[in-house]
Amino acid sequence: MSHFVKSAHKESHAKPPLWLALRFPCIALDLLQKCAVPQALVIIEGNRIFQACDQAQALGIRPGMSVQTALLLSQSDDQPAPVDESKNLSPRQPQLLIRERNPEHEQRHMQQLAQWAYQFTPYVSHWQESDSLLLELGSCLALFGGLTQLLNNIEQQLLSRQLQVYSSFAHTPQAAWLLGWQPELVAWQKTELGSLSDKNEIDAVLIEQRTHQALKKLDLTQLPEQPPFTQKRLQQWQNIGLKSFGELLNLPRTSVAKRYGKSCLRQFDQIVGREIDLQSYISPRDDFLAERHYLSGLETVDMLEQPAQALLFEFQQFLRHQQLQSEGFSWRFFHFDKKHSEIEIELSAAHSQAHIFFELTRIQLHQHRIDSPIETVCLHSNKLVSASMRSQTLFNDCGQQSNSDANLLLDTLTTRMGKDRLCRLQSLDDHLPECRQGLDPVFKKPTDSTQRSTIKAADLHLPLWLLPNPIPLRQSQQQAMTRLSSRYRIDSHWWQQRQQRDYFLAHDRQGHHWIYFDHRQKRWFLHGHYG
């Protein structure tokens, strides 16, 4: 089920809209992490090259070529013999790595990027056909300290993800997206960024004027074949000598509507801003999912630590931006031999600290067996709760430990030993002293029958050391004891085997004890000791 359930929001921003378009032209390549030694990598779809990295393009390989042609071009260069892991080609061929395109991975990665962009604005639109994101930033400038700081923040995070991206902004979503196809037309956006906005406001008039000037220079031959620029229309405009979008806008509106349809004219108006362009926005996910793919595979725990840290930092950012905390997460490892393995980590208390997540992960990794190289590392968590706000003292009291220290110790022990081997003492609602406490697994959810009972005033006399089983007293032991209290009677369990006892606080040379007389057995028993 898709988490991109969209709903169209009316464009009623209080401040002038400013749309940022982020287009990811090489998302299939970006999904794969490059080897330590530079190698030519191509993504194929069918028997054709879909995308080629810089090393492959340096050999003359281009998208659309056949795989056979690409292999011939790679052989023409005098290089050492290659190995193609996916096609099992002869080791005499050059080092050309070939991978099949995986649209499902690309779509999932774009959804993750859309969720990442949600931290900057609630208005995020995902254009699936072109692997693009549209972000409305005009209403969020004050929150991030102005346009310059916001764009720098977005750019730095994209660089850390090692993604190839074309970005451009404009006063309408389609204008921002179209200008991104010809980067030379938006070079002014970086050089004149300071004059386009102050700390919290943008110069909407200046941005609209500069955008109109850039739109008129759009080369029709470099535009993507998407409405209104379909292949048929582009050919028609080329036949009548139209070369730029500005020349299209100079045509009489009635002629455009009559010859190319009213829908085409409406789309032109949406591009330039004469008509509102309603967008569909993503909805935030109720879980977290992120993954990394590796060409050469990960074979050791040390090799897994770096991607684990990167994914957990991304997880931490997600939790903090969404004001959430996690009660647990899982790691999934997909191997080259088509097998997969999983590590589950549960937490005693919800929090959002990546360094704690990593320490628990590292403990589990050292207990995890890696039988074959790992191709994909996936981090997933659906145990998310709203972050609880806690107040803290300015100075930590001497010798006082916070609950987080106890929770970290509990999580560490559970991770090392297993959640079923770590138990806690639990107070139970029962009349017999030996039945008032029990051991329960730390992560077991309490049921109605095992709810923790409240301590009553009559129970305050119970000894700290309660024997697991009462010990019968000999006549000599009984005579050596002096009773110091009145009797405390317990009459219970009539529905099973009736227990009728009279308890007393007694004293002898060894200290204070808790004894009782059993009316059914007509004997005295020792049941506990006082400190």
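Preceding this paragraph is the structure being described.
Residues numbered from 1 in each chain as written. Predicted model: local features only at pLDDT ≥ 70, side-chain atom pairs only at ≥ 80, totals over all residues. Heavy atoms only, no water.

(A) Looking closely at the sheet that holds strand β5 (residues 48–52). Pairing in this open sheet of 3 strands is mixed, and the strands run β5-β4-β6 from one edge to the other. On the outer flanks of this sheet lie β5 and β6 (96–100), each paired with one strand and no other. Here the strands of the sheet are splayed against their neighbours by 40 degrees on average, with no regard to which way each runs. One ladder, built from 4 bridges, connects strand β4 (residues 40–45) with β5; its direction is antiparallel. Bridge pairing links Ile44 to Ile49 in β5. Sitting on the sheet, helix α3 (residues 67–76) touches β4, β5 and β6, and the angle it makes with β6 is about 160 degrees. (Pairing = 2+ DSSP bridges. Helix = DSSP H or I, 4+ residues; strand = E, 2+ residues; numbered from the N terminus. Axes fitted to C-alpha atoms, helices over the stretch in contact; angles between N-to-C directions. Contact = heavy atoms within 4.5 Å.)

(B) Representation of the packing of aromatic side chains within the structure. Within this structure, the stated rule accounts for 25 aromatic pairs. For the pair Phe169 and Trp188, a centre-to-centre distance of 6.4 Å together with 75 degrees between the ring planes defines the contact as edge-to-face. A residue pair is termed long-range when its members are at least 10 positions apart, and Phe169 in strand β9 (residues 166–170) and Trp188 in helix α8 (residues 188–191) qualify at 19 residues. Of the two residues, Phe169 and Trp188, both sit in the buried class. Taking the centre distance of 4.1 Å and the plane angle of 25 degrees together, the rings of Tyr503 and Trp514 count as stacked. Taken as a pair, Tyr503 in strand β21 (residues 499–508) and Trp514 in strand β22 (residues 511–518) lie far apart in primary sequence, 11 residues in all. The buried category is assigned to Trp514, whose relative accessible area is 2%. Three or more aromatic residues joined by ring pairs make a cluster, and in this case those are Phe288, Phe315, Phe318, Phe329, Trp331 and Phe357. Taking NZ or CZ as reference, Arg210 lies 4.8 Å from the ring centre of Trp188, over its face. (Phe/Tyr/Trp six-rings, centres within 6.5 Å; stacked < 30°, edge-to-face > 60°. Buried < 20%, exposed > 50% of the residue type's maximum accessible area, 1.4 Å probe, protein only. Lys NZ or Arg CZ within 6 Å of the ring centre and 35° of its normal.)

(C) Focus on the sheet that holds strand β7 (residues 124–127). Taken together, 4 strands build an open sheet; the order of strands is β7-β8-β2-β9 and the sheet is antiparallel. The open sheet has two free edges, formed respectively by β7 and β9, since each of these has just one partner strand. The mean inter-strand angle of the sheet, taken between neighbouring strand axes irrespective of direction, is 20 degrees. Note that strand β2 (residues 19–23) and strand β8 (residues 132–136) share 5 bridges and pair antiparallel. Following the sheet pairing, Leu20 is matched in β8 by Leu135. Running at roughly 15 degrees to β8, helix α4 (residues 103–117) makes contact with β2, β7 and β8 of the sheet. Here helix α6 (residues 147–160) sits on the sheet in contact with β2, β8 and β9, set at roughly 10 degrees to β2.

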